[in-house]
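Residues per chain are reported as follows:
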Amino acid sequence: MGTVGVVFRRELVSYFATPLAYVFIVIFLVMAGALTFYVGGFFERGQADLQVFFNFHPWLYLFLIPALSMRLWAEERKTGTIELFLTLPITTAEAVVGKFLAAWAFTGIALALTFPFWITVNYLGQPDNGVILASYIGSFLMAGAFLAIGSAISAVTKNQVIAFVVSAVVCFLFTASGSPLVLGPVTAWVPGGVIETIASMSFLSHFAAITRGVVDLRDVIFFGSVIGLFLFANTVLVELKKAD
């Protein structure tokens, strides 16, 4: 097992060694169910699909993923274990990737536990399972992008509350970057090309494209690029903060 794998296993096991993992999963499942069946009017729509279920994912992740990522580095720095951790025979990049992959895998486990929703719509009707599968893939990719952002921000501070709040704000800006709420204040004085660039970074737009049933390579590259960029930033920030 490589060093990334060792860090991955250490981190993933640590999630289930505390109530955090179970609390996160229960909250995720309860909120997903409540939003889908009550707020989203699943039964009133009369359609056997999971469109409503996936429509709420970006907003669920907006609060739940920062709650997960805030501890990745902030806790290590607060308890002082980061010095010991980084004296191990691993590179900073390997540590960053290992911790990120463990958090992403944990999120994937929580997402996989929503499979009763998929079974339910198949029991009620004949949904397009290809669209549902594509939506799950898109949701998992988007969760990875949220996590990478949160992990990088967690490396900046020892305070997990600050890490949570800042991560939620940055993730919101990425999520809604194509909406009038974000673009409205700057549309009048920012060049059109910049506006288009900002709008093209909307998580909502890329995720919505995948939930239509087509996993476009451009959407995969977008989420992969966001993950790669913020993991690189994460590595640089951990290196810079070593002396603190």
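Residues numbered from 1 in each chain as written. Predicted model: local features only at pLDDT ≥ 70, side-chain atom pairs only at ≥ 80, totals over all residues. Heavy atoms only, no water.

How we decide: UniProt positions are given in the numbering used here, feature names are shortened, and annotations may be inferred rather than shown by experiment.
An unreviewed UniProt entry annotates the protein as ABC transporter permease originating from Aliidongia dinghuensis. For the protein, the Subcellular location (unreviewed entry) comment in UniProt is given as "Cell membrane".

**What about the overall build of the protein?**
Rules: Each helix is a run of H or I in the DSSP string that is no shorter than four residues. Each strand is a run of E no shorter than two, and both are numbered from the N terminus. Buried, partly exposed and exposed residues are distinguished by accessible area as a fraction of the type maximum, computed with a 1.4 Å probe on protein chains only: under 20%, between the cut-offs, and over 50%, respectively. Should any heavy atoms of two residues lie within 4.5 Å, those residues are considered in contact.
When helices and strands are tallied, the protein shows 15 helices and 0 strands. Principal-axis analysis of the C-alpha atoms places the extent of the protein at approximately 60 × 50 × 30 Å. Residue burial in the protein is summarised as follows: out of 244 residues, 45% are buried. Of the contacts made within the protein by residues no fewer than 6 positions apart, 77% connect residues no fewer than 24 positions apart.

**Things to note about the nonpolar core**
So the rule is basically this: To form a nonpolar core, buried Ala, Val, Leu, Ile, Met, Phe, Trp, Tyr and Cys residues must be joined to one another through side-chain atoms within 4.5 Å.
Core analysis: the biggest nonpolar cluster contains 61 residues, and Tyr15, Trp73, Phe203 and Phe223 have the highest contact counts within it. Take this core: its biggest share by element is 13 residues, from helix α10 (residues 129-154). Leave out the neighbours within four places in its chain, and Trp73 touches Ile82, Phe85, Ala95, Val96, Lys99, Ser151, Ser154, Ala155, Asn234 and Val238.

**Considerations on the UniProt feature "transmembrane region" (unreviewed entry) in the protein**
Annotation from UniProt places "transmembrane region" (unreviewed entry) at residues 12-38, 58-74, 95-119, 131-149, 161-182, 188-208 and 220-238. Helix makes up 93% of residues 12-38 and strand makes up 0%, while its end C-alpha atoms are separated by 33 Å. Secondary structure within residues 161-182 divides into 82% helix and 0% strand; the distance between the first and last C-alpha atoms comes to 24 Å.

**Regarding the side chain of Thr107**
Tracing the backbone through its elements, the reader meets Thr107 in helix α8 (residues 92-112). Excluding its chain neighbours within four sequence positions, the residues that come into contact with Thr107 are Ile65, Leu68, Ala143 and Leu147.

**Things to note about the packing of α8 against helix α15 (residues 217-240)**
In plain terms, the rule: Structural elements are reduced to axes, namely lines fitted to C-alpha atoms, with helices fitted over the stretch in contact, and the angle between N-to-C directions of any two is expressed from 0 to 180 degrees. Oblique is the label for any angle not covered by the other classes, which are roughly parallel (under 35 degrees), roughly antiparallel (over 145) and roughly perpendicular (65 to 115). Handedness of a crossing follows from how the near helix is turned relative to the far one, being left-handed for an anticlockwise turn of less than a right angle and right-handed for a clockwise one. For this scheme, ten residues count as nonpolar: Ala, Val, Leu, Ile, Met, Phe, Trp, Tyr, Cys and Pro. Four count as charged, namely Asp, Glu, Lys and Arg, and the remainder, Gly too, count as polar.
In the contact formed by α8 and α15, the axes pass within 9 Å of each other and the chain directions differ by 130°. With respect to their mutual orientation, α8 and α15 come out oblique. The crossing of α8 and α15 is right-handed. Along the contact surface, α8 presents Thr92, Ala93, Val96, Phe100 and Trp104, while α15 presents Ile227, Leu231, Asn234, Thr235, Val238 and Glu239. Classifying every residue of the contact of α8 with α15 by side-chain character gives 7 nonpolar, 3 polar and 1 charged.

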